[in-house]
Amino acid sequence: MSTFTTISSDKLARLIGTANTPVLIDVRTEEDFAADRRLIPGSIKLSHENVTDWGGDFAGRRAVVSCFRGEKLAQGTAAWLRQLGVEAETLEGGFEGWKAAKLPLVDARKLPPRDAKGRTVWVTRARPKVDRIACPWLIRRFVDPNAVFLYVAPSEVVGVGERFNAAPFDIENVFWSHRGELCTFDVMVEEFGIATPPLLRLATLVRGADTARPDLAPEAPGLLAASLGLSRMYDDDLAQLEAGMTLYDAFYRWCRDATTETHNWPTNKVKA
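Residues numbered from 1 in each chain as written. Predicted model: local features only at pLDDT ≥ 70, side-chain atom pairs only at ≥ 80, totals over all residues. Heavy atoms only, no water.

Colleague: Whenever I open this one, helix α6 (residues 131–142) confuses me. Can you help?
Modeller: The periodicity of an α-helix, 3.6 residues per turn, causes residues three or four positions apart to be oriented the same way. For α6, built from 12 residues, the straight-helix expectation of 16 Å at 1.5 Å per residue is met to within 8% by its first-to-last C-alpha distance of 16 Å. Within α6, 12 of the 12 residues are buried, which leaves it mostly tucked inside the rest of the structure. Residues of α6 that are buried: Asp131, Arg132, Ile133, Ala134, Cys135, Pro136, Trp137, Leu138, Ile139, Arg140, Arg141 and Phe142. For α6, the secondary structure elements touched by its buried residues are β7 (106–107), β8 (121–125), β9 (148–152), α8 (184–191), α9 (197–210) and α11 (237–258). (Helix = DSSP H or I, 4+ residues; strand = E, 2+ residues; numbered from the N terminus. Expected span 1.5 Å × (residues − 1). Buried < 20%, exposed > 50% of the residue type's maximum accessible area, 1.4 Å probe, protein only. Contact = heavy atoms within 4.5 Å.)

Right, dumping it as structure tokens:
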């Protein structure tokens, strides 16, 4: 049973992918991590040994700490974090409990190299519409909450990627791009191992909006219209991305929680 300092896997799973996701910190030993190089979606890998060095960075925030089984490393780290002003909990059962519940795990081997601050860096074409907002949303909500996105001229994407150690996406002839009828969002969902029913449903909407296939889902034209509207509202690509995060938060919650809900205008019958 959860206590005020622990959280169950099912409760945490409901938070992941939303704007209310706590900071997720994996403190498994290097030996345990080497045995299974997957991460709970959105987790950052840190060491319990220097929690006093990095813990203050999360002061005033909520965090969930996991280790192999949710025992001494997670509980000790969480206790230190609480000393540093963090609202810290541990994950019941740790990484092994999450895995036993058959919840999604991100393959860390698919992640691009991190920069000196521990962030993944990505680069794509400027003036985004659909995929180039949807993919950053997916990465920040499920892969790396601190990811950095560089929007540059189309002809410079590969060169910027090489010079700044950034992973190019949504351009031709790179790993993170369209494959056949799949758009880049589809590819990321599959490659990262997070193909949950809500994300697969959202991927269909993104594919329909991004590849001129409105027949794939009745909501796809609405997503395209909202995406094109945002692209006209913002000259700054990063400002557009921030606005797009809210848009995709809403579509994700619909895909997860509200697909069967309808809105009917109430009718008032006048008695004769």
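There's plenty left to go through after this.
Colleague: Explain the sheet that holds strand β10 (residues 167–168) here, please?
Modeller: In a beta sheet, neighbouring strands pair by backbone hydrogen bonds and run either parallel or antiparallel. If you trace the three strands from one edge of the open sheet to the other, you get β9-β8-β10, paired in parallel fashion. With partners counted over all chains shown, the strands left at the sheet margins are β9 and β10, one partner each. Examined bridge by bridge, β8 and β10 share two bridges and lie parallel to one another. Of the residues in β10, the one forming a bridge with valine 123 is proline 168. (Pairing = 2+ DSSP bridges.)

Colleague: Mind showing me how you'd approach the pairing of strand β5 (residues 62–66) here?
Modeller: Regular strands place their side chains on alternate faces of the sheet. The buried fraction of β5 is high, at four of five residues. Where strand β2 (residues 23–26) and β5 come together, four bridges link them in parallel fashion. By the bridge assignment for β5, isoleucine 25 is matched with valine 65. In this sheet, strand β6 (residues 87–91) lies alongside β5 in parallel orientation, the contact comprising four bridges. Note on β6: the bridge partner recorded for alanine 63 is alanine 88.

Colleague: Can you help me understand the packing of α9 against α11 in this one?
Modeller: The geometry of a pair of packed helices is captured by two quantities: the angle between their axes and the separation between those axes. Contact geometry of α9 with α11 gives a least axis separation of 8 Å together with a crossing angle of 125°. Taken together, α9 and α11 sit at an angle that is classed as oblique. The two elements α9 and α11 cross, and the hand of that crossing is right-handed. Each of Pro198, Leu199, Arg201, Leu202, Leu205 and Val206 in α9 lies in contact with α11, whose residues at this interface are Tyr248, Phe251, Tyr252, Trp254, Cys255 and Arg256. By residue class, the composition of the contact of α9 with α11 is 10 nonpolar, no polar and two charged. (Axes fitted to C-alpha atoms, helices over the stretch in contact; angles between N-to-C directions. Parallel < 35°, antiparallel > 145°, perpendicular 65-115°, else oblique. Left-handed = near helix turned anticlockwise from the far one by under 90°. Nonpolar A, V, L, I, M, F, W, Y, C, P; charged D, E, K, R; others polar.)

Colleague: For this particular structure, what's the right way to read the pattern of salt bridges?
Modeller: Per the stated rule, a full pass over the model turns up 21 salt bridges. With a shortest N-O distance of 2.8 Å, arginine 62 and glutamate 89 are connected by a salt bridge. One end of the pair, arginine 62, is in strand β5; the other, glutamate 89, is in strand β6, with 27 residues separating them in the sequence. The residue lysine 99 makes a salt bridge to glutamate 96 at a minimum N-O spacing of 3.2 Å. With lysine 99 and glutamate 96 both in helix α5 (residues 94–100) and three residues apart, this pair spans about one turn of that helix. (Salt bridge = Lys/Arg side-chain N within 4 Å of Asp/Glu carboxyl O.)

Colleague: Could you clarify how one ought to interpret the nonpolar core in this entry?
Modeller: Nonpolar side chains tend to gather and get buried jointly when the protein is soluble and globular. Ranked by size, the top nonpolar core spans 55 residues in total, and within it Trp122, Trp137, Phe185, Leu202 and Tyr248 carry the most contacts. Of all the secondary structure elements, the ones that give two or more residues to this core are α1 (9–15), α5, α6, β9, α8, α9, α10 (220–233) and α11. Apart from residues lying up to four places away in sequence, tyrosine 248 is in contact with Val130, Ile133, Ala134, Trp137, Leu202, Val206, Leu223 and Ser227. (Core = buried A, V, L, I, M, F, W, Y, C linked by side-chain atoms within 4.5 Å.)

Colleague: So what exactly am I meant to see when it comes to the sheet that holds strand β4 (residues 43–45) here?
Modeller: Reading across the sheet, the five strands line up as β1-β6-β5-β2-β4 and stay open at both edges, with parallel pairing between neighbours. On the outer flanks of this sheet lie β1 (6–7) and β4, each paired with one strand and no other. Taken together, the two bridges between β1 and β6 define a ladder with parallel strand orientation. Looking at the pairing, threonine 6 lines up with threonine 90 of β6. On top of the sheet, helix α4 (residues 72–83) reaches β2, β5 and β6; it is set at about 170° to β6, its chief contact.

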